[in-house]
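What follows is each chain in one-letter form.
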Amino acid sequence: MALARLPWGLQRRLGAGVGWLALRLLPDRREAARTNLALCLPQLDEAAREALLRANFRDLGIGLFEFARAWWGDAAPMRATASIEGLDTLKRLQAEGRGVLLVSGHFMTLEMCGRLLCDHVPLAGMYRKHRSPVMEWAVLRGRLRYACAMFANSDTRAAIRHLKRGGVLWYAPDQDMRGKDTVFAPFFGIPAATITATHQFSRMTGCAVVPFFHRREGGRYVLRVGEPLAPFPTDDAVADTAAVNAAIEAMVREAPSQYLWLHRRFKRQPDGRSRYG
């Protein structure tokens, strides 16, 4: 917790060092990220992808300090320079009494930017429950300092009630959850096992599905709430899931070094083979 209270400039410098070490000490994750970059950004030559890989691990290290600061530290320095676009969209949807499913990806900035958005709107989140009781305690204690509620992925009924009441729920469906309600939808043109929860939540609650993008620019943050995806939902769960993946892909292309490339996103394929690490 003491690290969460260090000056922000020092945290960024230390985080860059942690990322440098992680790049060298985590070979499996390094290779997973390298594979993902080669698959998703083939237009870059090898030298450019290696530079992006190094930048990605640097941002990973900084992201660890962002997590700590969001959970236990002071966000005042971030508030002073953050810019948030699209709050009028959220206000309009709330005035209409609609729930809002804010769809984002696993970016390094997700924790700090979630806290910054909570300054303007009551925001709940969904998360994957941890096996470790200590980690579970830390996650909930940290996030409930600013989020109005946290729902485990297994607690979909509570999330549905929240959306039906007009609540705002942050959700990141860009990892392979290995659940039964998954389809293969393109992500950077590659089939990716993706949960259909965005389609299901919208169908059951009438909530708007709204892209939420966030990135760090130097020491400041840029948050953007987009317009609701439309038409959404349709009768086609695969098409809706592909639309969500396309929205997240667009976010990644804007800030590729801040995305969690080390997740084995394409390990499962429609033919069952694990060709992609």
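Structure's up top.
Just so it is clear, the model here is predicted, and its values are computed rather than measured.

Some words on the overall build of the protein
Part 1: For the protein, the helix and strand inventory stands at 10 helices and 9 strands.
Part 2: Here the C-alpha radius of gyration of the protein, 18 Å, is about what a compact globule of 277 residues would show, namely 19 Å.
Part 3: Judged by the C-alpha coordinates and their principal axes, the protein covers about 50 × 45 × 35 Å.
Part 4: In the protein, 77% of the contacts between residues at least 6 apart in sequence involve partners at least 24 apart.
Part 5: Roughly 12700 Å² of accessible area belongs to the protein as shown, and the carbon and sulfur atoms make up 56% of that amount.
Part 6: When the 40 basic and 26 acidic side-chain charges of the protein are each reduced to a single mean position, those positions are 6 Å apart.

Concerning helix 10 (residues 237-254)
Part 1: Between the first and last C-alpha of helix 10 there are 26 Å, a value that for 18 residues agrees with the 26 Å anticipated at 1.5 Å per step.
Part 2: Its buried side turned inward, helix 10 meets strand 2 (100-103), strand 6 (182-187), strand 7 (190-195), helix 9 (197-205) and strand 8 (208-217).
Part 3: Two or three places before V238, at the opening of helix 10, D236 has a side-chain oxygen 3.0 Å from that residue's backbone nitrogen.

Notes on a nonpolar patch on the surface
Part 1: Residues W20, L21, L25 and L26 make up a contiguous nonpolar surface patch of roughly 420 Å² in combined accessible area.
Part 2: Summarising the element assignment, L25 is placed in helix 1 (residues 8-25).
Part 3: Exposure remark for L25: the relative accessible area of 61% places this residue in the exposed category.

Describing the pattern of salt bridges
Should the charged atoms of two oppositely charged side chains come close, the side chains can pair.
Part 1: In the structure shown here, the tally under the stated rule is 15 salt bridges.
Part 2: Taking the shortest distance from any N to any O, the salt bridge between R215 and E217 comes out at 2.6 Å.
Part 3: Accessibility expressed as a relative area gives 17% for R215, which makes it buried.
Part 4: Residue E217 is classed as partly exposed on the basis of its relative accessible area, which comes to 32%.

Some remarks on the packing of helix 3 (residues 46-72) against helix 7 (residues 133-143)
Part 1: Two elements in contact, helix 3 and helix 7, have axes separated by 7 Å at closest approach and are oriented at 65 degrees. Touching F67, W71 and W72 of helix 3 are M135, A138, V139, G142 and R143, all from helix 7.
Part 2: Classifying every residue of the contact of helix 3 with helix 7 gives 6 nonpolar, 1 polar and 1 charged.

Definitions and cut-offs
- Starting from 1, residues in each chain are numbered consecutively following that chain's sequence as written.
- The model is predicted, so local features are restricted to residues of pLDDT at least 70 and side-chain atom pairs to those at 80 or more, both for listing and for counting; the totals for chains, interfaces and linings are taken over all residues.
- Side-chain numbers come from the whole structure's heavy atoms, not from hydrogens or water.
- Each helix is a run of H or I in the DSSP string that is no shorter than four residues. Each strand is a run of E no shorter than two, and both are numbered from the N terminus.
- Radius of gyration here uses only the C-alpha atoms, and the compact-globule reference equals 2.2 Å multiplied by the residue count raised to the power 0.38.
- Here, residues are in contact when the closest pair of their heavy atoms is within 4.5 Å.
- Accessible surface is estimated by sampling points in the Shrake-Rupley manner with a 1.4 Å probe; for residues, cover comes only from the protein chains shown.
- We treat Lys and Arg as the positive residues and Asp and Glu as the negative residues; His and chain ends play no part in the count.
- Working definition for charges: the position is that of NZ of Lys, CZ of Arg, CG of Asp or CD of Glu.
- Helix span, expected: 1.5 Å multiplied by one less than the number of residues in the helix.
- Under this definition, polar contacts are N or O atom pairs within 3.5 Å; protein pairs additionally need one hydrogen-donor-capable and one acceptor-capable atom, and for neighbouring residues in sequence, both atoms have to be side-chain atoms.
- The residues that make up patches have over 30% relative accessible area and no salt bridge, and they are joined within 9 Å when like-charged or within 5 Å when they are Val, Leu, Ile, Met, Phe, Trp or Tyr.
- Basic side-chain nitrogens of Lys or Arg form a salt bridge, by our definition, when they fall within 4 Å of a carboxyl oxygen of Asp or Glu.
- The buried label applies to any residue whose accessible area, calculated with a 1.4 Å probe on protein chains only, is under 20% of its type's maximum; exposed applies above 50%, and partly exposed to all values in between.
- Orientation is described by lines fitted to C-alpha atoms, with helices fitted over the stretch in contact, and by angles between N-to-C directions that extend from 0 to 180 degrees.
- For this classification, the nonpolar set comprises Ala, Val, Leu, Ile, Met, Phe, Trp, Tyr, Cys and Pro, the charged set comprises Asp, Glu, Lys and Arg, and every other residue, Gly included, is treated as polar.

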